[in-house]
Amino acid sequence: MRRGNYLLLLALFLGSCVAPDTQHHIVISTREQKLAILDRGTLMATYPVSTSKFGLGDYLGSSRTPLGELEIAKKIGDNAPPGAVFKDRIRTGEIVAANSPGRDPIVTRILWLQGREAQNANAFGRYIYIHGTPEEWLIGTPASYGCIRMRSNDIIQLYNIVGVGAAVTIVDAPLISSVPGLVSGHSMSPANTAPFVMR
């Protein structure tokens with residue numbers, strides 16, 4: 001075997017041996033349009049998001065946001081600048097500013113989700129992502145076509161925290177019912193030393 005081919009196979013093997021992220025857990029409330037990130041069960045941060053404007057579900061072609069237990073299957077967009085446009089998960093070279101009128105591409109980062117349950121088994125094949133959007137003025141309201149949208153600065157922070165394999169739970173309930181450490185839907189426990197605050 002040629003040395004170049006051997007090194008490529010070795011790199012692919014080592015890349016496939018990276019341990020899944022069991023440290024972090026993302027919880028998304030479709031009812032509140034908010035996302036929480038936990039580190040070993042401790043609340044780190046909360047962010048506003050946008051889930052589907054078509055409601056909840058996982059039917060093929062439904063454009064709905066699936067519920068239940070999922071995980072991050074792939075991370076796409078390392079080091080891309082804020083507003084970098086992705087088409088079929090490949091950077092186009094275009095950069096779109098936040099709140100650009102008439103523009104609605106996937107931007108900045110992609111966390112591609114895979115379902116762990118029958119109720120969300122189609123998520124990966126439906127290309128359900130957590131991703132950046134230029135339509136930042138709509139964040140906090142249901143506005144997507146099934147994905148979970150975030151502001152570019154927020155998805156960059158989240159992307160840098162979580163790894164492939166991290167658990168993602170999507171619920172149709174307030175965050176307070178699923179996330180320890182939340183005092184209400186709008187604040188964290190005073191004892192929590194999370195580095196980020198809800199916006």
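Residues numbered from 1 in each chain as written. Predicted model: local features only at pLDDT ≥ 70, side-chain atom pairs only at ≥ 80, totals over all residues. Heavy atoms only, no water.

**Comments concerning the pairing of strand S2 (residues 34-39)**
Here is step 1: For S2, a buried count of 6 out of 6 residues is recorded, marking the element as mostly surrounded by other parts of the structure.
Here is step 2: Here S2 shows two buried faces, one formed by Lys34, Ala36 and Leu38 and the other by Leu35, Ile37 and Asp39.
Here is step 3: In this sheet, S2 lies alongside strand S1 (residues 24-29) in antiparallel orientation, the contact comprising 6 bridges. If you follow serine 29 over to S2, its bridge partner there is lysine 34.
Here is step 4: In sequence, S1 turns back onto S2 through a hairpin of 4 residues, with glutamine 33 there showing a positive phi of about 55 degrees.
Here is step 5: In terms of strand pairing, S2 meets strand S3 (residues 42-48) through 6 bridges, oriented antiparallel. Note on S3: the bridge partner recorded for isoleucine 37 is alanine 45.
Here is step 6: Hairpin connection, S2 to S3: the antiparallel pair is bridged by 2 residues, and arginine 40 has positive phi, about 50 degrees. (Buried < 20%, exposed > 50% of the residue type's maximum accessible area, 1.4 Å probe, protein only. Helix = DSSP H or I, 4+ residues; strand = E, 2+ residues; numbered from the N terminus. Pairing = 2+ DSSP bridges.)

**Remarks on the pattern of salt bridges**
Here is step 1: Within this structure, the stated rule accounts for 7 salt bridges.
Here is step 2: Arginine 116 is the partner of glutamate 71 in a salt bridge, and the nearest nitrogen-oxygen pair spans 2.9 Å. In this pair, glutamate 71 sits in strand S4 (residues 68-76) while arginine 116 sits in the loop between strand S7 (106-115) and strand S8 (129-132), placing the two residues 45 residues apart along the sequence.
Here is step 3: A relative accessible area of 45% means that arginine 116 is categorised as partly exposed.
Here is step 4: Of the charged contacts in the structure, one is a salt bridge between arginine 103 and glutamate 94, with a shortest N-O distance of 2.6 Å.
Here is step 5: The class of arginine 103 is partly exposed, set by a relative accessible area of 30%.
Here is step 6: By relative accessible area, which is 33% here, glutamate 94 ends up partly exposed. (Salt bridge = Lys/Arg side-chain N within 4 Å of Asp/Glu carboxyl O.)

**Concerning the environment of aspartate 21**
Here is step 1: Topologically, aspartate 21 is positioned in the loop between helix H1 (3-16) and S1.
Here is step 2: Taking the C-alpha atoms as reference points, aspartate 21 and glycine 165, separated by 144 residues in sequence, lie 5.0 Å from one another.
Here is step 3: Non-local contacts of aspartate 21, meaning those with residues more than four positions away in its chain, are made with Ile161, Val162, Gly163, Val164, Gly165, Ala166 and Ala167.
Here is step 4: A polar contact of 2.9 Å, which involves the side chain of aspartate 21, links it to the backbone nitrogen of glutamine 23. (Contact = heavy atoms within 4.5 Å. Polar contact = N/O pair within 3.5 Å; in protein donor to acceptor, adjacent residues only side chain to side chain.)

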